[in-house]
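# Inside the fold
One letter stands for each residue in the lines below.
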Amino acid sequence: MIEVKTDTIVKHYKNQKIKIERKVLEISKSEILHFLNKEEFNSHCRNACPNHNRKWTCPPNCPNFEDYSKSYSKIQLFLFVTSTKQFDFLSQEECSLEAYNFTKEELQNDLRINEPIDGKMIAANSCEICTTCSIIKGKSCYFPVKMRYNLVAFGFNIGKILTDLFKHELKWAAKNIIPEYVSSVGAILKK
């Protein structure tokens, strides 16, 4: 049985206290491989994401996960969940996206703080170090040591990871529909 550690952290956003539920679990790297389907999930990137082939960290430029992670034996997954009701001071149009972006950034910060010297962070989103990625100019990455890939770019089924490992349902925003909560997931590869 996988042990999920849960706690609540409080952060500030526009002078409001926002509670984030943080869930963390650690498994062997081999246990996450059955959630990997690069061909299927990279096709979603190719068909729907404006970052496809426009960032070094996005498909088709993302390396093969098994090659990238070969020096590591464990993966620690982090899930941040935030109730959108905490953002009801914003307009309906802003609420879901602002809640998601806030949650994603707080997860990114947490991952950076917890990244061990002998480990490697897997980000919650595509790289945002540069305003425009150097790939657009046909150049190598300007910050290859700081650059981090994300689970989606590697081809992981995030919905299934959340359902199977965290017992958590991914909710989606839609026009005029604000989900009950937003979720963001990232990881750290460990020796």
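Treat the numbers as computed from the prediction; the structure is a model and nothing was measured. (Residues numbered from 1 in each chain as written. Predicted model: local features only at pLDDT ≥ 70, side-chain atom pairs only at ≥ 80, totals over all residues. Heavy atoms only, no water.)

A few words now on helix 2 (residues 38–48). Of the positions making up helix 2, those classed as buried are Phe-41, Asn-42, Ser-43 and Cys-45. Where helix 2 is buried, its residues meet helix 5 (151–154). (Buried < 20%, exposed > 50% of the residue type's maximum accessible area, 1.4 Å probe, protein only. Helix = DSSP H or I, 4+ residues; strand = E, 2+ residues; numbered from the N terminus. Contact = heavy atoms within 4.5 Å.)

Using the criterion set out here, one finds zero disulfides in the structure. As a non-bridged cysteine, Cys-45 has Cys-49 as the owner of its nearest cysteine sulfur, 5.8 Å distant. Judged by its relative accessible area of 10%, Cys-45 falls in the buried class. Residue Cys-141 stays outside any disulfide, its sulfur separated by 6.3 Å from that of Cys-127, the closest cysteine. (Disulfide = S-S within 2.5 Å.)

Next up on the list: helix 6 (residues 158–166). Residues lying three or four places apart along an α-helix face the same way, a consequence of the helix completing one turn every 3.6 residues. Buried residues of helix 6: Ile-158, Ile-161, Leu-162, Leu-165 and Phe-166, and no others. Down the axis of helix 6, the buried side of the element spans an arc of 100 degrees, and every buried residue falls inside it. At its buried positions, helix 6 is contacted by strand 2 (16–28), helix 1 (29–32), strand 3 (74–83), helix 5 and strand 5 (181–190). Among the residues of helix 6, the N-terminal cap falls to Asn-157, whose side-chain oxygen and the backbone nitrogen of Gly-159 are separated by 3.3 Å. Positive phi appears at Lys-167, one or two residues downstream of helix 6, with a value of about 55 degrees. (Arc of directions from axis to C-beta. Polar contact = N/O pair within 3.5 Å; in protein donor to acceptor, adjacent residues only side chain to side chain.)

The subject of this paragraph is the pairing of strand 3. A regular strand places its side chains so that they alternate between the two faces of the sheet. With respect to burial, strand 3 is a largely interior element, eight of its 10 residues being buried. Pairing analysis gives eight bridges linking strand 2 to strand 3, with the strands arranged antiparallel. Bridge pairing links Leu-25 to Leu-77 in strand 3. In the sheet, strand 3 pairs with strand 5 via 10 bridges, with the strands oriented antiparallel. Within strand 5, the residue paired with Leu-77 across the bridge is Ala-187. (Pairing = 2+ DSSP bridges.)

What follows concerns the confidence of the model for the protein chain. Of the residues in the protein chain, 100% reach a pLDDT of 70 or more, and the chain-wide mean stands at 93. Considering each helix and strand of the protein chain separately, the mean pLDDT is smallest for helix 2, with a value of 83, and largest for strand 3, with 98. (pLDDT = per-residue confidence, 0-100.)

Moving on to the side chain of Lys-23. Relative to the helices and strands, Lys-23 resides in strand 2. Buried charged residue Lys-23 carries no salt bridge. Nearest counter-charge: Glu-21, at 4.2 Å. With near-sequence residues (within four places) excluded, Lys-23 lies in contact with Val-4, Lys-5, Thr-6, Leu-77, Phe-78, Leu-79 and Phe-166. (Lys, Arg positive; Asp, Glu negative; His and termini not counted. Salt bridge = Lys/Arg side-chain N within 4 Å of Asp/Glu carboxyl O.)

All right, on to the pattern of salt bridges then. Following the criterion strictly, the structure yields nine salt bridges and no others. For the salt bridge of Lys-11 with Glu-106, the shortest nitrogen-to-oxygen distance reads 3.8 Å. With Lys-11 in strand 1 (residues 5–13) and Glu-106 in helix 4 (residues 92–114), the pair connects residues that are 95 residues apart, well separated along the chain. Overall, the relative accessible area of 14% leaves Glu-106 in the buried class. For Arg-22, the salt bridge identified is with Asp-110, shortest N-O distance 2.9 Å. With a gap of 88 residues between them, Arg-22 in strand 2 and Asp-110 in helix 4 connect regions that are remote in the sequence. As far as the burial class goes, Arg-22 and Asp-110 line up, both buried.

On to empty space enclosed by the protein, then. The gaps left among the atoms become clear once a water-sized probe is rolled over them. All chains considered together, the criterion is met by one cavity of 30 Å³ or more. Of the pockets and cavities examined, the largest cavity occupies roughly 90 Å³. Lining the largest cavity are Lys-55, Trp-56, Thr-57, Cys-127, Ile-129, Cys-130, Cys-133, Ser-134, Cys-141, Tyr-142, Phe-143 and Met-147. Each residue belonging to the lining of the largest cavity can be placed in one class, and the counts come to nine nonpolar, two polar and one charged. (1 Å grid on protein atoms, 1.4 Å probe; cavity = no way out; pocket = protein on both sides within 12 Å on 5 of 7 lines; lining within 4 Å. Points joined across faces, edges and corners; volume = space filled by probe spheres on them. Nonpolar A, V, L, I, M, F, W, Y, C, P; charged D, E, K, R; others polar.)

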